[in-house]
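Structural features, examined
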Amino acid sequence: MFAETSAATVARHRHPAWKVVLPVGGHVTVGEMAAAGVLVPPQLDHACATSSAFVAVFLEPWCVRPGLGLSRLESSTVRRLLDALGEDMDLAALHREVSTVTGEAPVIDPRVAHAVRVCGQAKQLDAVATEVGLSPPRLRALVRSTVGVPLARLRQWRRLRTAVAALPGSTPASAAAVAGFADQAHLTRVTRELSGRTPGSLKVHAASGTLRP
């Protein structure tokens, strides 16, 4: 979850997750679309801007019914989702409410669930494939056909989340090492690609408690 207390603009990026952008009293613009709120699908190359404070929540790609594209959210829906999130930032309640808007997501193959859960760790793909009884090429194909996102991209996303969690009280270089990135430059490049931001800007919000991995 990422939140800001003022209007913001985020550079072009492409994240491997669903993103729900919920402006607080304003609107959000994604490309040519302007709305009270938006649901952004995984792998969509886009820039994003809000006219007010906002909350952005990322959901794993298998947590929303597949087949949906970039979708407007009406102001009444945005209010309902923000109410579900509440002051205590109840992400589980928000996810349940999102499901009433998008429909229930299908249950994914347990082999895929295991692979994406551990893909951010320091394991080699061969080891992960062996754990689920598949060859590496078959595992990659199964993840992509099931989730719609390459396993390598999901691995980067998991590592970015680990780095974000390590940013408070740490340097970007240290966070990069903890998360398994080659160096700080690698972390910076992936952060820009997946979030349109820099590790430094994420650190500010992580330290203030507005960003949750």
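To be clear, the structure that these remarks concern was listed above.
All figures in this text were calculated on a predicted structure; none of them were measured in a lab.

Cut-offs and rules
- Residues numbered from 1 in each chain as written.
- Predicted model: local features only at pLDDT ≥ 70, side-chain atom pairs only at ≥ 80, totals over all residues.
- Heavy atoms only, no water.
- Salt bridge = Lys/Arg side-chain N within 4 Å of Asp/Glu carboxyl O.
- Helix = DSSP H or I, 4+ residues; strand = E, 2+ residues; numbered from the N terminus.
- Buried < 20%, exposed > 50% of the residue type's maximum accessible area, 1.4 Å probe, protein only.
- Pairing = 2+ DSSP bridges.
- Axes fitted to C-alpha atoms, helices over the stretch in contact; angles between N-to-C directions.
- Parallel < 35°, antiparallel > 145°, perpendicular 65-115°, else oblique.
- Contact = heavy atoms within 4.5 Å.
- Nonpolar A, V, L, I, M, F, W, Y, C, P; charged D, E, K, R; others polar.

Taken as a whole and judged by the stated rule, the model has 7 salt bridges. A salt bridge links Arg 80 to Glu 97, with the shortest nitrogen-to-oxygen separation between them at 2.6 Å. Of the two residues, Arg 80 is situated in helix H1 (residues 75–85) and Glu 97 in helix H2 (residues 91–102); the sequence distance between them amounts to 17 residues. Arg 80 gets classed as partly exposed once you look at its relative accessible area, which sits at 35%. The salt bridge involving Glu 193 is made with Arg 153; its shortest N-O contact spans 3.7 Å. Residue Glu 193 is found in helix H8 (residues 184–195), and its partner Arg 153 is found in helix H6 (residues 151–166); the two are separated by 40 residues along the sequence. We classify Glu 193 as partly exposed; its relative accessible area is 31%. Arg 153 sits in the buried class, given a relative accessible area of 14%. Connected via shared salt-bridge partners are Glu 60, Arg 158 and Arg 161.

The next point concerns the sheet that holds strand E3 (residues 18–23). The strands that make up a sheet are held in pairs by hydrogen bonds between backbone atoms, and each pair lies either parallel or antiparallel. Read across the sheet, 5 strands follow the order E1-E8-E3-E6-E9 without closing on themselves; strand pairing throughout is antiparallel. Looking along the sheet, the strands with just one partner apiece sit at the ends: strand E1 (2–4) and strand E9 (71–73). Here the average twist between neighbouring strands, direction ignored, is 15°. For E3 and strand E6 (residues 37–40), the ladder comprises 3 bridges, and the chain directions are antiparallel. Note that in E6 the partner of Lys 19 across the bridge is Val 40.

This paragraph deals with the packing of H6 against H8. Where H6 meets H8, the closest approach of the two axes is 10 Å, and the angle between their N-to-C directions is 110°. As far as their axial angle goes, H8 and H6 are roughly perpendicular. Taken together, the residues of H8 that come into contact with H6 (itself represented by Arg 153, Gln 156, Trp 157, Leu 160 and Ala 163) are Leu 187, Val 190, Thr 191, Glu 193 and Leu 194. When its residues are assigned to classes, the contact of H6 with H8 shows 6 nonpolar, 2 polar and 2 charged.

It is worth stressing that arrangement in space is one thing and function is another; only the former is reported here.
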